[in-house]
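Descriptive analysis of the structure
Chain by chain, the residues run as shown.
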Amino acid sequence: MMKDFSGKVVVVTGGASGIGYALAEGALDRGAKVVISDIREDTLAEAVATLSAKGEVLGVKGDVAKYEDVEALAQAAVDRFGKVNVLFNNAGVFAAGVTWEVSLEQYDWVIGVNQRSVIHGIKAFVPRMIAQGDECHVVTVSSGAGITVNPGFCSYSMTKHAVLALNEALWLDLQTQGVPNVGVTVVMPGVVQSKIMFPEKTSGALEGEVAQRLSNPVLAAVEASMRDAVDNGLPRAELVRMVYDAIGNGDLYVLPNFTDEGSQAIAQGIALGRATAQNWYPNLIAPLLESMKEAAQ
Ligand SMILES: NC(=O)c1ccc[n+]([C@@H]2O[C@H](COP(=O)([O-])OP(=O)(O)OC[C@H]3O[C@@H](n4cnc5c(N)ncnc54)[C@H](O)[C@@H]3O)[C@@H](O)[C@H]2O)c1
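This one's a predicted model, so the numbers in the text were calculated from it and none came from an experiment. (Residues numbered from 1 in each chain as written. Predicted model: local features only at pLDDT ≥ 70, side-chain atom pairs only at ≥ 80, totals over all residues. Heavy atoms only, no water.)

The local shell around the ligand holds 28 residues, among which Ser 17, Asp 38, Asn 90, Tyr 156 and Ser 194 are the closest. Contacts to the ligand include Ser 17, whose side-chain N or O atom sits 2.6 Å from an oxygen atom. Ser 194 is positioned with one of its side-chain polar atoms (N or O) 2.6 Å from an oxygen atom of the ligand. When the ligand sits alone it has 830 Å² of accessible area, and the protein chains cover 96% of it. When contributions to the shell around the ligand are tallied by element, the ones reaching two or more residues are α1 (18-29) and α5 (154-176). Classifying every residue of the shell around the ligand gives twelve nonpolar, eleven polar and five charged. (Near = heavy atom within 4 Å. Polar contact = N/O pair within 3.5 Å; in protein donor to acceptor, adjacent residues only side chain to side chain. Areas by Shrake-Rupley, 256 points an atom, 1.4 Å probe, with all protein chains shown as cover. Helix = DSSP H or I, 4+ residues; strand = E, 2+ residues; numbered from the N terminus. Nonpolar A, V, L, I, M, F, W, Y, C, P; charged D, E, K, R; others polar.)

Inspection of the entire model under this criterion finds five aromatic pairs. Measuring from ring centre to ring centre gives 5.2 Å for Phe 94 and Tyr 156, while their planes differ by 80 degrees; the resulting arrangement is edge-to-face. Placement of Phe 94 in the loop between β4 (86-89) and α4 (104-132) and of Tyr 156 in helix α5 is noted, with a sequence separation of 62 residues between them. Accessibility classification places Phe 94 together with Tyr 156 in one group, the buried group. The ring of Tyr 244 has Arg 30 sitting right over it, with the charged end atom 4.2 Å from the ring centre. (Phe/Tyr/Trp six-rings, centres within 6.5 Å; stacked < 30°, edge-to-face > 60°. Buried < 20%, exposed > 50% of the residue type's maximum accessible area, 1.4 Å probe, protein only. Lys NZ or Arg CZ within 6 Å of the ring centre and 35° of its normal.)

Compared with the 33 Å implied by 1.5 Å per residue over 23 residues, the 33 Å span of α5 between its first and last C-alpha is a close match. Gly 178 occupies a position one or two residues after α5 and carries a positive phi of about 70 degrees. (Expected span 1.5 Å × (residues − 1).)

The parallel open sheet is built from seven strands, whose spatial order is β3-β2-β1-β4-β5-β6-β7. Looking at which strands have only one partner, the edges of the open sheet turn out to be β3 (57-61) and β7 (253-254). Here strand β1 (residues 9-13) pairs with strand β2 (residues 33-38) via five bridges, running parallel. Along β2, the bridge assignment pairs Val 12 with Ile 36. Sitting on the sheet, α5 is in contact with β5 (136-141), β6 (182-187) and β7, with an inclination near 160 degrees to β6. (Pairing = 2+ DSSP bridges. Contact = heavy atoms within 4.5 Å. Axes fitted to C-alpha atoms, helices over the stretch in contact; angles between N-to-C directions.)

Per the UniProt annotation, the sites labelled "domain: Ketoreductase" (unreviewed entry) are residues 8-174. Overall, residues 8-174 shows 53% helix and 16% strand. The separation of its end C-alpha atoms is 21 Å. (UniProt positions renumbered as here; feature names shortened; annotations may be inferred.)

Where α1 meets helix α8 (residues 236-249), the closest approach of the two axes is 9 Å, and the angle between their N-to-C directions is 60 degrees. When the axes of α1 and α8 are compared, the pair comes out oblique. Two packed elements cross with a definite hand, and for α1 against α8 that hand is right-handed. Across from Gly 18, Ile 19, Ala 22, Leu 23, Gly 26 and Ala 27 in α1, the residues of α8 making contact are Arg 236, Leu 239, Val 240, Val 243 and Tyr 244. Looking at the contact of α1 with α8 residue by residue, the class counts come to eight nonpolar, two polar and one charged. (Parallel < 35°, antiparallel > 145°, perpendicular 65-115°, else oblique. Left-handed = near helix turned anticlockwise from the far one by under 90°.)

The next thing to look at is the pairing of β6. Judged by how many residues are buried, β6 sits mostly within the fold: six of six residues are covered. Covered by surrounding structure in β6 are Val 182, Val 184 and Val 186 together with Gly 183, Thr 185 and Val 187, the residues of both alternating faces. The sheet contact formed by β5 and β6 spans six bridges and is parallel. Along β6, the bridge assignment pairs Val 141 with Val 187. By the bridge criterion, two bridges tie β6 to β7 in an arrangement that is parallel. Residue Val 186 lies in a different strand from β7, and its bridge partner there is Tyr 253.

Shown next as structure tokens:
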């Protein structure tokens, strides 16, 4: 369990803005060296300039939806700093839509940035971490929408559910394949202050869809209430503290910051322990884990 970040190398995708920027800042505050990657060159350069006041920072432009860019990111981090200890699979996008109206291009865009990106991160970074053999951790930012489904959230919820399951699978595989040096945390924030409601800035091809989307009164209402909720969401520093505490404690889950009792109960009932046998439902996991660990020895 990684409690001391000084001298560690931390990579953050989507690190030029919002939660990713704050996670990078949190790493520098804890003495780490940081690599931030983003699809936007302008905000990436600004972020590298401001973060550099706190420590060593490398910026790498790239699109997480492309495997070759994520592989190049891992190599750039190793070339510059010699290793990678923490990967934050953080880049993500949201666009409201009606299941049958969302264009195939928009589905592909959201699946690429939110879901394939995490497959890319695991494949490019985890083998390097296993070969390194020192303390490493993969953190993926899913969402409260990874355990709930709201109207207008089709592509977003689908991809955030998928990466929650993928990271639970990663956690189980690392245990059962006998890999002790790589930890896993999946973060399911509720609503956090960020620029997530302006995703078209990262995908010019979708600009034409905004007006069409907002002409649907339900979607317009969803986006308006989301913009308001994000503006008044959890301060990023608070989420960052929760995430670094979870890495230090080796926690698989950072549960959503839902405030009402019903939502908290849903989060705990559904999310906590799906893969860890802390939950009453998959009680077959515990003996299975034990027997697979024995097999790996
Ligand atoms: N803000 C919230 O309320 C909230 C809640 C739950 C989960 N999340 C998740 O948090 C993560 C970070 O989002 P945020 O809220 O900070 O939003 P944000 O828009 O402020 O930051 C996302 C960053 O990702 C970058 N990005 C977008 N597409 C990319 C691509 N193809 N390749 C590389 N970088 C790309 C953007 O340029 C931006 O810098 C996302 O995965 C999001 O789904 C956010």
